[in-house]
Amino acid sequence: TPARCRMCPLGWLGVAALCLGTLWAVPAKDRRRVEKPKAELSLFENLDLDNYDGTVESYGDILDLSNYEELYDYGDLVPKIEVGTLAPRPKDPKTTAGTPKLQPPSGAGPVPPAPIPRQGLPSCLLCLCLGSSVYCDDAGLEQIPALPPDTAYLYARFNRIGAVRADDFRGLEKLKRIDLSSNSISWADADAFRGLPSLQELLLPENLLTALPELPRGLVRLDARLNRIPSAGLHPEAFRDLKQLQFLHLSDNQLDFIPVPLPESLRSLHLQNNNIQTMHEDTFCDSQEQGQIRRALEDIRLDGNPINLSLFPSAFSCLPRLPTGRFS
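Everything numeric in this text was worked out from a predicted model, so none of it was measured.

## Brief notes about the overall build of the chain
Now for step 1: A count of helices and strands for the chain gives 3 helices and 11 strands.
Now for step 2: A buried classification covers 32% of the 328 residues belonging to the chain.
Now for step 3: Of the contacts made within the chain by residues no fewer than 6 positions apart, 43% connect residues no fewer than 24 positions apart.
Now for step 4: When the accessible surface of the chain is summed, it comes to about 22,100 Å², and 55% of that surface belongs to carbon and sulfur atoms.

What follows is the structure in structure tokens.
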């Protein structure tokens, strides 16, 4: 009919549109599959990957490690606080279980271990190291441990150290103070302290010493109280050349006489509770020099000795103060 014929062009147009849409869909899909990777790669075109090297040497360019080793500021506690010679972190046994051990060549005997240098096992493994000070108090030590080369102050009190060897302090030129109080030291090598040019304070009270070793000339303070030192245990004129010695404390020993001559620098002399029975006229004063006043020596203790000081008035006539002791 005429009406049906008028609908035919519209139907054909719909069928044609459907076919054209189908024909265009396939190429578009294929085109997207090809272009999608190109679009993703275009995101990395601006990255410079040619110079990237992921090695340990390149970490400095990635991370700022310049301040990594900064330590806390402890103020006036010590001039410089640093942690030195720490124990290495133990290896994980799980990671080293499968590591083969090196074997000596065939026909050769066992390879002896390499000698460990004295500074190889520093006391920082056993004690507390802060700057130039080493604290080893009450650490159960039976001998003086190897010390870091910059040690200036050593505190090793309340241990079981029995002797001081010649090599214990060798090479420690910055060592200023040694405190070995309350140990069991019965013997010290003659050269144990003599080669320490900076040593100013040597503290050895409450030990078992029967003799004193040779002392460095820069010593300012010597404390060897509560030992077993007789007069024969001192070198003749042991303190004459110690021109900087100010404090000499030898109380509670077994001395028979005052160890003269004493340096002019001496300020304090403690000899109480010994076995001193007599003294010479020139023990403290020069009998040949009239009007001498020895102003520095203001503290002399001779109490607890079997000596009557009133019998020797000329021996201390040059002193600014009378010695402490028995005058009757």
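After presenting the structure, the write-up continues.
## A short note on the confidence of the model for the chain
Now for step 1: Per-residue confidence for the chain gives a mean pLDDT of 75; residues scoring 70 or more make up 63%.
Now for step 2: Contacts for the low-pLDDT stretch residues 1-7, under 50 throughout, to residues beyond four places or in other chains number 0 contacts.
Now for step 3: This stretch, residues 22-121, has a pLDDT under 50; its non-local contacts, to residues over four places away or in other chains, come to 31 contacts.

## Notes on the UniProt feature "domain: LRRNT" (unreviewed entry) in the chain
Now for step 1: When the UniProt feature table is mapped to this numbering, "domain: LRRNT" (unreviewed entry) covers residues 123-153.
Now for step 2: From the first C-alpha to the last, residues 123-153 spans 13 Å; its make-up is 0% helix and 23% strand.

## Looking at the side chain of S268
Now for step 1: Mapped onto the secondary structure, S268 falls in strand β10 (residues 268-270).
Now for step 2: Beyond its immediate stretch of four places on either side in the chain, S268 contacts Q246, F247, L248, H249, L297 and D299.

## Description of the nonpolar core
Now for step 1: With 58 residues, the main nonpolar core has F169, I178, F193, F239, L269, M279 and F284 as its most contacted residues.
Now for step 2: What F193 contacts, discounting residues up to four positions off in sequence, is V164, F169, I178, A188, L199, L202, P213, E214 and P216.

## A short note on the pattern of salt bridges
Now for step 1: The final tally for this structure, using the stated rule, is 16 salt bridges.
Now for step 2: Across the salt bridge formed by R170 and D167, the nearest N and O atoms sit 2.6 Å from each other.
Now for step 3: Using a relative accessible area of 55% as the deciding quantity, one classes R170 as exposed.
Now for step 4: One salt bridge in this structure joins E201 and R177, with 2.9 Å as the shortest N-O distance. A residue pair is termed long-range when its members are at least 10 positions apart, and E201 in strand β7 (residues 201-203) and R177 in strand β5 (residues 177-179) qualify at 24 residues.
Now for step 5: One connected set of salt bridges, linked through shared partners, spans R217, E237, R240 and D241.

## Brief notes about a negative patch on the surface
Now for step 1: Residues E281, D282, D286 and E289 make up a contiguous surface patch of negative charge.
Now for step 2: Mapped onto the secondary structure, E281 falls in the loop between β10 and β11 (299-301).
Now for step 3: Here E281 falls in the exposed class, since its relative accessible area comes to 54%.

## With respect to the environment of L242
Now for step 1: For L242, the location among the structural elements is in the loop between β8 (221-223) and β9 (247-249).
Now for step 2: On the basis of relative accessibility, which here comes to 3%, the residue L242 falls in the buried class.
Now for step 3: The spacing of L242 and P263 is 21 residues in sequence and 6.5 Å in space, taken between C-alpha atoms.
Now for step 4: Contact partners of L242, with chain neighbours within four places excluded, come to L215, P216, R217, P263 and S265.

## Some points on the state of the cysteines
Two cysteines form a disulfide when their sulfur atoms are joined by a covalent bond.
Now for step 1: Counted by the stated rule, this structure contains 3 disulfides.
Now for step 2: Linked covalently through their sulfurs, C127 and C136 form a disulfide whose S-S length is 2.0 Å. What sets the handedness of the C127 and C136 disulfide is the S-S torsion sign, and at about 105 degrees it is right-handed. Each member of the pair, C127 as well as C136, carries the same accessibility label: buried.
Now for step 3: One disulfide in the model links C285 with C318; its S-S distance is 1.9 Å. Judged by the torsion about the S-S bond (-95 degrees), the C285/C318 disulfide is left-handed. Here the residue C285 occupies a position in the loop between β10 and β11, and C318 occupies one in the segment after β11, the gap between them amounting to 33 residues. Across the pair, exposure class does not vary: C285 and C318 are buried alike.
Now for step 4: In the chain, the cysteines engaged in disulfides, taken in order along the sequence, are linked 1-3, 2-4, 5-6.

## Observations regarding the side chain of N207
Now for step 1: Within the secondary structure, N207 sits in the loop between β7 and β8.
Now for step 2: A distance of 3.2 Å separates a polar atom in the side chain of N207 from the backbone nitrogen of N183.
Now for step 3: Residues contacting N207, with those up to four places away along its chain left out, are L180, S181, S182, N183, S184, I185, L226 and N227.

## Some thoughts on the environment of P313
Now for step 1: Residue position: P313 is located in the segment after β11.
Now for step 2: Linking P313 and F327, residues 14 residues apart in sequence, is a C-alpha distance of 9.9 Å.

About the cut-offs
- Residues numbered from 1 in each chain as written.
- Predicted model: local features only at pLDDT ≥ 70, side-chain atom pairs only at ≥ 80, totals over all residues.
- Heavy atoms only, no water.
- Helix = DSSP H or I, 4+ residues; strand = E, 2+ residues; numbered from the N terminus.
- Buried < 20%, exposed > 50% of the residue type's maximum accessible area, 1.4 Å probe, protein only.
- Contact = heavy atoms within 4.5 Å.
- Areas by Shrake-Rupley, 256 points an atom, 1.4 Å probe, with all protein chains shown as cover.
- pLDDT = per-residue confidence, 0-100.
- UniProt positions renumbered as here; feature names shortened; annotations may be inferred.
- Core = buried A, V, L, I, M, F, W, Y, C linked by side-chain atoms within 4.5 Å.
- Salt bridge = Lys/Arg side-chain N within 4 Å of Asp/Glu carboxyl O.
- Patch = residues over 30% accessible without salt bridge, like charges linked within 9 Å, V, L, I, M, F, W, Y side chains within 5 Å.
- Lys, Arg positive; Asp, Glu negative; His and termini not counted.
- Charge placed at Lys NZ, Arg CZ, Asp CG, Glu CD.
- Disulfide = S-S within 2.5 Å.
- Polar contact = N/O pair within 3.5 Å; in protein donor to acceptor, adjacent residues only side chain to side chain.

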